[in-house]
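Now for the letters of each chain:
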Amino acid sequence: MTPTAAKPVLSLRGIRKVFPGVVALDGVDLDLHAGEVHVLLGENGAGKSTLMKVISGAITLDAGEIRIDGQPVRIASPRHAQSLGIGIIYQELNLVPHLTAGENIFLGREPGLGAGVIDQRALVRAAQQQLDDLGVAIDARTTVERLSVAQQQMVEVAKALSLEARVLIMDEPTSALTQQEIAELFATIGRLKARGVAVVYISHRMEELFAVGDRVTVLRDGRHVGTRMIRETTMDELVRLMVGRALSEKFPKQRVPAGAEVLRVERLERHGLLHDISFSLRRSEVVGLAGLMGSGRTELARALFGADRIDGGRIFVHGRERRIDSPRSAIDLGLGFLTEDRKSQGLVLVQSVQENLTLPSVGRFSRLGFMRRRDEAQAAAKRIAELRIKTPGPHQRVMHLSGGNQQKVVLGKWLTTEAEIFIFDEPTRGIDVGAKVEIYQLMNQLVARGAAVLMISSELPEILGMSDRILVMRAGRIAGEFNAADATPEKILAAALGRN
Amino acid sequence: MDAPPDLQANRGSRREKAGGEVPPGSSSLVTSAASGTTRGGAPRGTAFLAHYARQFGTLAGLVGLSVVLWILTPHFLTVSNLLNVAQQTSINAVIAVGLTFVIISGGIDLSVGSLVAFAGVVLATLLQRGVPVPIALLAGLLTGFGCGVVNGLLITMGRLPPFIATLGMMSVARGGALLFTDGRPVSGFGPGFRWLATGEVLFVPVPILVMVAVYAMAHFVLRRTRFGRYVFAIGGNPEAALLSGVPVRFHQTMVYGLSGFLSAMAAMLLTARLNSAQPIAGINYELDAIAATVIGGTSLMGGQGSVMGTLIGALIMGVLRNGLNLLNVSSFIQQLVIGAVIIVAVLIDMALKQRRR
Amino acid sequence: MIVPPPARNFYPMKTPRLFFAFAVATLVALTGCNRGEPSRTGASGPANAPTVALVVKTLNNPFFIEMQKGAQEAAQKAGVSLIVQAADREVDVERQMQIIENLIERKVGALCITPSGSREIVPVIVKANKAGIPVLIVDTRADEKALAAAGGKTATFIGSDNYDGGKLAGAFIAQKLGGRGHVAVLEGIPGHETGDSRLRGFREAIAQAPGLKIVASQPANWERDQGFNVFQNILQAHPEVNALFACNDLMALGATEAIAAAGKSGRIVVVGFDAQPEAREAIKKGTMAATVAQFAGRMGAIAVENAAKLLRGETIEAFTPVPIELVK
């Protein structure tokens, strides 16, 4: 299919948007055709989300022109965008959890019987029709909170389509989905294409782009740096466009010989979630922890870190049996935990970079309960320099940093506590390519210095690329263990799925 | 610890020395980063300004209000009237400090007004029975602290939402105060106790000194101590705080204890001022304290705020009431104005934040 | 999972100006409307005349509004300017104290006060004494013992004898019921001199009729809605009640609604206190039997007249009784 020949549904010319101190978008052009999946690619801060907001009416542009079907329009508000046939599905879904799928789809547009009474039957019928058309098996009468993330996403898609969306923007739609669900999402996107919907697809996962995209536009620093047909480009070229240089190596793994055992877990139990978990972790070793969503990886990390109760089993740190009953005791034993969700678990967003960097070690920077502010400031400044955290200063609030820099702050927290055993839970989720490599390099440095790393990841290439040893979890148990040398994606998946 | 040798050696060298730049090839994690690419470290002054900007705004509001009153009435800007306003503000201001801590920690305390009554009648009853003043004061303060800790435990151990726990305590403490006194005011104390209301040190009335001391200490605790740091972290993100090893429940409990303690301190001032403790005292005081806190820029979402802002907020309310009295504005219009000030102060705050986004 | 709060930024430069502008605008508007409407805020009388302040408990009780009216008329006649102020809530002694302190700062010539708390008012009376401002107590007495202990003094007390009023009400009920029956009482806020006196007088009168029994006596805190609720509860517990004495009309009026709701209208003798217009209406309709008239307007007027006398350097009586009578 070559949609370029047709007239574009939506076309942008010279879009410019300036925020105080930053040119977020600088003369961006983009054409969207019916029935194409147009991938928007760029590092964090490249302007993807600003562009998306311009299209969806969330912000107004400073200069440039938007045309729909060749007609120039001014998109005044999200509601206006909706009426023009533009739908958007944010990473954080916008559904009311206690309402049913159907009620969500027709929220604010409920078919009425008059006098404000909702025609419940008509609503369910119409909603079910939308869902069936999408080819998804969801009952319109199910409460949204009982649906999986992937299903909720489908409800959002159905909602957008019920509004007769012709342009559908999807922001990082796969970030919380399992492989299986991603496959289903792609199938749905295929059906949308067939219906003539133009899909704008934003993702950090390059592999996906090649699976789902037709064309790709790369943004860098608010500028349009190129549009390519997916069939005619390569990953290397896209990376070069994104970062302005070719990344020499995607996974810059440095192998260091492993040392003595630092952590040993024996027959760990947590009722209903973790069963008979035994493994060990050695100095200068990265152990990858693979598995499907819900296989118990994060639960294991939380149990090890004292965040959740343990019902049985023993934990040895540096050869001595230890009781870890709170995060505090884990931290005191030299553990550090980079949580899966930085914003909700790893950082206090409203606090400053410095305050976050020192939060777990406040005890060390205080005497008799009083803060020693100079020591604290020095330590923070050192971390900022060491980790190359891009921030206007130590007092900047963490919420204003990019994802990669936020992740560095989380890592910095544990460097400040002088942790030796690191648990990384999805360390590069939602982080752009350049920052990813930086995180990998930091991991290398840690390992070279003698740290031990347990790395949970849902990205197989990352597991394979960065681990010395790989553990695979399934249904709360360790279902397989591989050396990096003999591990293959097939073997890991087989263990994760239980097909041996 | 039987940590491997080089890590231990590393530990030594990793102790922070002079801050800032890390020399190349040192123990720096990423050697390529050694040139220190922190983009333009903000000068201290700017950070300070940014930090206190909101308070400056509120302070300007207070000053503006005072200027207007100075123009409109000759009675406003006199030493005795200003001392008068400060004294009138002291009770609400002291309660509001505790509430500021609670709100920064992400909670709410509706029981403060009732605790003022309860701690007040306990204190007054002891005084009336001839218990020495220091012991009676201590007992009153401990009563407040104890009730606050109960609030805290209901919230942390009982997992009740703060709104519910303190709403319950609001009624329990009120009932307790009424029961304790059979509904009647308690009075008849020795002259020593009244010094708290009538005494002066270097011409400054004692209630003002108490207020200033409480604020100085609260500011210090919030900004310069581990406790304060944890309160902010808990309010900003309790989950992240917990996973960073912060003893969340303990600190939450203590925050409510502090709020109860300060309510009792306000009860002390109020009882001395009226020379009597009423079981029906302090009704709606929680609302005044919340108003002062909010006008002072503390976010009801938690994680942000300052006691100095709260002090200014309390003074704005005090000055406004005083000024409206001096101008002989009807009590009905006064209520309306104070409500409007709360709404507009927060609206302006929010509007400015929106613009930034 | 805990969702972090939304972003919150400070914007340093704009707040002061805006806030300032707001404050100025509000005050200018207020004082403007204040000057345009003197009667509302009670500043009557010639511009440079001596000022008398009347501080009542609250202005959302018709009794005190009546008092304000009387005071305003008297002020006009006496050629003094009058300020009337009150707390929002009748029981807010601390707020009343603040208002009086502020009026002392404003250097008014004389203070007429209806204390919200008999003992709690003492410290501020002492303050007024120190500032050389005469204090006239109206309607509710200040606690004489506490006042003497604090070394404070008042110029006069203007009011009715609440004790006599209570007695009057008790005697009326005794007569109406023929000396036999079950009586309920709605009290004001405990510890108020006014309510306590009325209650004592009423109990005294009932004690003289051996056939009468007080079966319930509960506080309804002077308020109408509480009068409704409390009396409804009393009716549940004591359906035999055939007379009610409420220490003020608001509570009595609340109770009449409860009686109507129970379908007992006219079957219970309801006696209130204060003789508010609405209570007089109720008596005409027959939902209330009587109320004790206190002549709040007279009290206000006498207070201002006496204050004016003091300002002219004349002497006044230490107690000016205001007559009391039963409205049936």
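Residues numbered from 1 in each chain as written. Chains lettered and ligands numbered in written order. Predicted model: local features only at pLDDT ≥ 70, side-chain atom pairs only at ≥ 80, totals over all residues. Heavy atoms only, no water.

Below, the discussion takes up the overall build of chain B. Scanning chain B from terminus to terminus reveals 14 helices and four strands. For chain B, the proportion of its 357 residues judged to be buried stands at 60%. A fraction of 77% describes how many contacts in chain B between residues 6 or more apart in sequence connect residues 24 or more apart. Accessible surface computed for chain B: about 13600 Å², of which carbon and sulfur atoms make up 71%. (Helix = DSSP H or I, 4+ residues; strand = E, 2+ residues; numbered from the N terminus. Buried < 20%, exposed > 50% of the residue type's maximum accessible area, 1.4 Å probe, protein only. Contact = heavy atoms within 4.5 Å. Areas by Shrake-Rupley, 256 points an atom, 1.4 Å probe, with all protein chains shown as cover.)

What follows covers the pattern of salt bridges. All chains considered together, the criterion is met by 44 salt bridges over all chains. K193 of chain A is the salt-bridge partner of D214 of chain A, the closest N and O atoms lying 3.1 Å from each other. Of this pair, D214 of chain A sits in the loop between α7 (206-212) and β9 (215-220) while K193 of chain A sits in helix α6 (residues 179-194), placing them 21 residues apart in sequence. Its salt-bridge partner being E239 of chain B, residue R302 of chain A comes within 3.1 Å of it at the nearest N-O pair. Placement of R302 of chain A in helix α9 (residues 297-304) and of E239 of chain B in helix α10 (residues 238-243) is noted, with the two residues assigned to different chains. Residue R302 of chain A is classed as buried on the basis of its relative accessible area, which comes to 16%. Salt bridges linked by common partners bring E261, R264, E266, R314 and E321 of chain A together as one network. (Salt bridge = Lys/Arg side-chain N within 4 Å of Asp/Glu carboxyl O.)

Once that is clear, we can look at the packing of helix α5 (residues 133-156) of chain B against helix α6 (residues 162-181) of chain B. Residues and elements named next belong to chain B. The contact between α5 and α6 brings their axes to 9 Å, and the two run at 145°. Every pair of crossing elements has a handedness; the one defined by α5 and α6 is right-handed. The residues of α6 that touch α5, namely those facing C147, V150, N151, L154 and I155, are P162, A165, T166 and M169. Grouping the constituent residues of the contact of α5 with α6 by class yields seven nonpolar, two polar and no charged. (Axes fitted to C-alpha atoms, helices over the stretch in contact; angles between N-to-C directions. Left-handed = near helix turned anticlockwise from the far one by under 90°. Nonpolar A, V, L, I, M, F, W, Y, C, P; charged D, E, K, R; others polar.)

Residues and elements named next belong to chain A. Taken domain by domain, chain A holds domain 1 (3-243) and domain 2 (261-497). Computed from C-alpha coordinates alone, the two centres of domain 1 and domain 2 are separated by 33 Å. Residue-level contacts link eleven residues of domain 1 with eleven residues of domain 2. Both sides of the domain 1 and domain 2 interface together cover about 990 Å² of buried area, and 57% of this is carbon and sulfur. The interface formed by domain 1 and domain 2 includes zero salt bridges. (Domains from an automatic or database assignment. Buried area = accessible area lost by both parts, 1.4 Å probe.)

Turning our attention to the pairing of strand β16 (residues 335-338) of chain A. Residue and element names in this part refer to chain A. With burial as the criterion, each face of β16 is covered, one bearing L335 and F337 and the other bearing G336 and L338. By the bridge criterion, four bridges tie β16 to strand β19 (residues 421-425) in an arrangement that is parallel. The residue bridging L338 from the neighbouring strand is F424, located in β19. (Pairing = 2+ DSSP bridges.)

Before going further, it helps to examine the sheet that holds strand β3 (residues 37-41) of chain A. Two modes of strand pairing occur in sheets, parallel and antiparallel, and in both the strands are linked by backbone hydrogen bonds. Residue and element names in this part refer to chain A. Taken in spatial order, the six strands of this open sheet run β6-β7-β8-β3-β9-β10, and their pairing is mixed. Edge positions in the sheet fall to β6 (86-89) and β10 (223-229), since each of these pairs with one other strand and no more. Each strand axis lies, on average, 20° off the axis of its neighbour in the sheet, ignoring direction. Direction of pairing for β3 relative to β9: parallel, over a ladder of four bridges. Opposite H38, over in β9, you have R215 as the bridge partner. Of the strands in this sheet, β6 and β7 (167-171) touch helix α5 (residues 149-162), which is tilted by about 170° from β6.

Attention shifts here to the environment of V239 of chain A. Within the fold, V239 of chain A resides in helix α8 (residues 235-243). As for V239 of chain A and R374 of chain A, which are separated by 135 residues in sequence, their C-alpha atoms are 42 Å apart.

The next subject is empty space enclosed by the protein. In this structure the tally under the stated criterion is seven cavities of 30 Å³ or more. What lines the largest cavity is K57, N61, F63, F64, E90, D139, T194, R198, W222, N248 and D274 of chain C. Broken down by secondary-structure element, the contributors of at least two residues to the lining of the largest cavity are α3 (62-78) and α8 (193-207) of chain C. Within the lining of the largest cavity, the residues separate by chemical class into three nonpolar, three polar and five charged. For the second largest cavity, the calculated volume is near 80 Å³. As for the second largest cavity, its lining consists of 13 residues, of which Q278, A281, G282 and Y285 of chain B together with D92 of chain C are closest to the centre. The set of elements that each furnish at least two residues to the lining of the second largest cavity consists of α11 (248-274) of chain B together with α4 (93-105) of chain C. Class assignment for the residues of the lining of the second largest cavity results in eight nonpolar, two polar and three charged. (1 Å grid on protein atoms, 1.4 Å probe; cavity = no way out; pocket = protein on both sides within 12 Å on 5 of 7 lines; lining within 4 Å. Points joined across faces, edges and corners; volume = space filled by probe spheres on them.)

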